[in-house]
Amino acid sequence: MKRTLNHIAADYRSKKDGNVAIMFAMTVFAIVAGLAISVDVSNAYFAKQRLQDTTDAIALMAAKDKSLDSEAKLQATAQALFDATYPSKTGERIVIESIKRDGDRVIVQSKNNIDTYFTGIFKTNNMDVGVTSSAVFADKAMDVAFVLDTTFSMNGSKLSNLKSAAGNLVKTFDELDNENLRVSVVPFSQYVNVGLSRRNAKWLDVPQDSSTTGPQVCKMKREVVSRSNCRRVQRTCKNDGVSYDCSYTKCDNTYGQPYKSCYTPTSKATWKGCVGSRENGYDERPAYDSRKIPGLMNVTCGAELQTLSSNMTQAKSSISGLKAQGETYLPAGILWGWRTLDTTVPLSSNAGNPAKKREKIMIVMTDGENTLSKKGILHNGNNANAANTKTDTLCKKAKADDVTIYTIAYDVKDATTKKMLNRCATDGSKFFDAKNAGDLNDAFKSIGESLSELRITA
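Trainee: Sorry, what's going on with the nonpolar core here?
Mentor: Nonpolar side chains in soluble globular proteins generally cluster together in the buried interior. Counting residues in each nonpolar core, the largest one holds 55 residues, and the members touching the most others are Phe-146 and Phe-444. The element that contributes the greatest number of residues to this core is helix H4 (residues 157–176), accounting for eight residues. Val-147, Val-186, Leu-341 and Val-364 belong to the second-largest nonpolar core, a separate cluster that totals 34 residues.

Here you go:
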């Protein structure tokens with residue numbers, strides 16, 4: 001308003017017309033009444049919002065706790081929560097009008113009678129605000145695979161943040177106390193570790209560890225007797241797309257007299273649990289199909305994968321034990337994540353109750369683009385486009401197998417990789433672009449909320 005009440009009053013004093021006086025009085029009354037109503041309506045809005053939040057909370061709690069199987073128990077529990085939320089404040093009169101259970105659903109109706117402060121001029125000293133909340137909880141049969149990037153670029157705080165965010169989601173699952181919920185954990189870099197205990201599995205092709213001794217080799221050798229002019233040579237190296245300082249010291253060496261040195265060469269072949277890829281398209285299917293998976297000798301990879309288990313303590317332990325090393329080949333993680341959800345060989349131990357329909361979920365988290373690609377049975381190529389195409393293919397085939405895929409890009413700068421992860425997700429709402437630790441935690445939390453069968457319903 002450009003004109004204030006003072007201006008209106010001044011006009012009134014300068015005029016003698018009775019109609020103007022009446023109009024002035026009516027105007028002032030309307031303004032005051034409008035302000036009074038707006039204040040009380042605002043108070044009512046916030047009171048209703050608070051009441052709705054509290055009513056939602058009691059509905060969720062009651063829906064989850066099946067021991068609250070009578071109206072008396074429900075009423076007592078609800079009243080205790082309301083009493084804790086509204087500690088006898090003047091002007092707040094909370095009434096639980098009804099609370100009842102209908103199978104897995106709990107419906108709560110409540111009312112708050114609040115004092116009004118200004119609309120008493122209309123002989124209205126209080127008003128009622130009422131809300132209804134409905135919550136449902138069901139023990140849905142569900143298998144969830146955590147496919148987690150543990151490459152070199154995740155080293156440090158990023159891996160700590162991942163452990164915290166993923167661990168919180170497992171904790172949420174644990175609190176649901178759903179015996180039909182199982183979790184697998186698949187750490188990946190360029191390879192996946194299936195575990196030394198599976199060495200003799202029929203689906204795995206792993207040679208025996210060996211040590212070979214060759215004929216004696218002799219050559220002339222000179223020892224360094226002194227060094228001078230030592231200087232630091234600056235050098236930058238890359239691992240998993242991350243640059244780091246690998247500078248070294250170089251000296252001018254003085255050597256002694258040459259002498260003959262002989263040794264017997266020994267080579268060892270040791271399997272450390274890492275597996276490569278099958279060829280001829282078999283690297284795009286989870287089933288064994290009588291085509292063995294190659295074990296790779298003298299290759300180091302991350303922590304051993306954990307197959308499906310309802311033991312959430314075990315899942316939390318697997319996540320807390322993650323270590324960062326190696327480079328990125330997403331297809332390896334996606335394929336083995338898919339395999340943990342599959343009921344056939346190689347991981348046929350994942351089979352659940354065939355009479356119960358199980359929902360299959362895969363959560364794929366990575367912090368960067370494919371830095372390596374498939375080359376024969378190994379993942380040591382440098383064709384990023386081929387690796388991206390393989391990622392697309394695996395995501396498409398897993399989704400066709402009724403796997404719901406969530407993807408999280410954690411601090412990913414590469415636009416091509418973000419688009420690929422968006423395509424990989426079952427739909428756009430299941431792709432998360434997490435730019436920092438807070439976003440990462442929110443992404444896992446959001447996934448947990450969408451998967452939880454404890455929810456407010458319309």
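Trainee: Could you clarify how one ought to interpret the sheet that holds strand S22 (residues 403–410) in this entry?
Mentor: Note on sheets: strands pair through backbone hydrogen bonds, and any given pair is parallel or antiparallel. Sheet architecture is open: six strands sit in the order S18-S5-S4-S19-S22-S23, paired in mixed fashion. Two strands in the sheet have a free side with no partner beyond their single neighbour: strand S18 (306–309) and strand S23 (431–434). Sheet twist, expressed as the mean angle between neighbouring strand axes with direction ignored, is 15°. Across the sheet, helix H5 (residues 312–320) touches strand S4 (142–149), strand S5 (181–188) and S18, and the angle it forms with S5 is around 15°.

Trainee: I tried to follow unusual backbone geometry on my own but got confused; where do I start?
Mentor: Leaving glycine out, the prevailing phi sign among residues is negative, and the prevailing peptide bond configuration is trans. Following Val-345, the chain continues into Pro-346 via a peptide bond in cis, with omega recorded as 25°. Looking at where Pro-346 falls in the secondary structure, it is placed in the loop between helix H6 (330–341) and strand S19 (359–366). Backbone geometry at Asn-280 places phi at a positive 60°, although glycine is not the residue there. Secondary-structure assignment places Asn-280 in the loop between strand S16 (271–275) and strand S17 (293–297). Using a relative accessible area of 64% as the deciding quantity, one classes Asn-280 as exposed. The phi dihedral of Asp-411 is positive, around 55°, even though this residue is not glycine. Its place among the elements puts Asp-411 in the loop between S22 and helix H8 (415–424).

Trainee: What should I look at first to understand the pattern of salt bridges in this one?
Mentor: When charged atoms on two side chains of opposite charge get close, those side chains can pair. Scanning the model with the defined rule gives 19 salt bridges in all. Close ionic contact of Asp-289 with Arg-285 constitutes a salt bridge, the shortest N to O distance being 3.4 Å. With a closest N to O distance of 3.2 Å, Lys-418 and Asp-433 form a salt bridge. Of this pair, Lys-418 sits in helix H8 while Asp-433 sits in strand S23; the two residues are 15 residues apart in sequence, bridging distant segments of the chain.

Trainee: Is there a simple way to explain the packing of H4 against helix H9 (residues 437–451) in this structure?
Mentor: For any two helices packed against each other, one specifies the inter-axial angle together with the distance between the axes. Here H4 crosses H9 at 20°, and the two axes come no closer than 9 Å. When the axis of H4 is compared with that of H9, the two are roughly parallel. The handedness of the crossing between H4 and H9 comes out as right-handed. Touching Asn-161, Leu-162, Ala-165, Ala-166, Asn-168, Leu-169 and Phe-173 of H4 are Ala-437, Leu-440, Asn-441, Phe-444, Ile-447, Gly-448 and Leu-451, all from H9. Within the contact of H4 with H9, the residues separate by chemical class into 10 nonpolar, four polar and no charged.

Cut-offs and rules
Residues numbered from 1 in each chain as written. Predicted model: local features only at pLDDT ≥ 70, side-chain atom pairs only at ≥ 80, totals over all residues. Heavy atoms only, no water. Core = buried A, V, L, I, M, F, W, Y, C linked by side-chain atoms within 4.5 Å. Buried < 20%, exposed > 50% of the residue type's maximum accessible area, 1.4 Å probe, protein only. Helix = DSSP H or I, 4+ residues; strand = E, 2+ residues; numbered from the N terminus. Pairing = 2+ DSSP bridges. Axes fitted to C-alpha atoms, helices over the stretch in contact; angles between N-to-C directions. Contact = heavy atoms within 4.5 Å. Salt bridge = Lys/Arg side-chain N within 4 Å of Asp/Glu carboxyl O. Parallel < 35°, antiparallel > 145°, perpendicular 65-115°, else oblique. Left-handed = near helix turned anticlockwise from the far one by under 90°. Nonpolar A, V, L, I, M, F, W, Y, C, P; charged D, E, K, R; others polar.

Distances and angles like these do not, on their own, reveal function.
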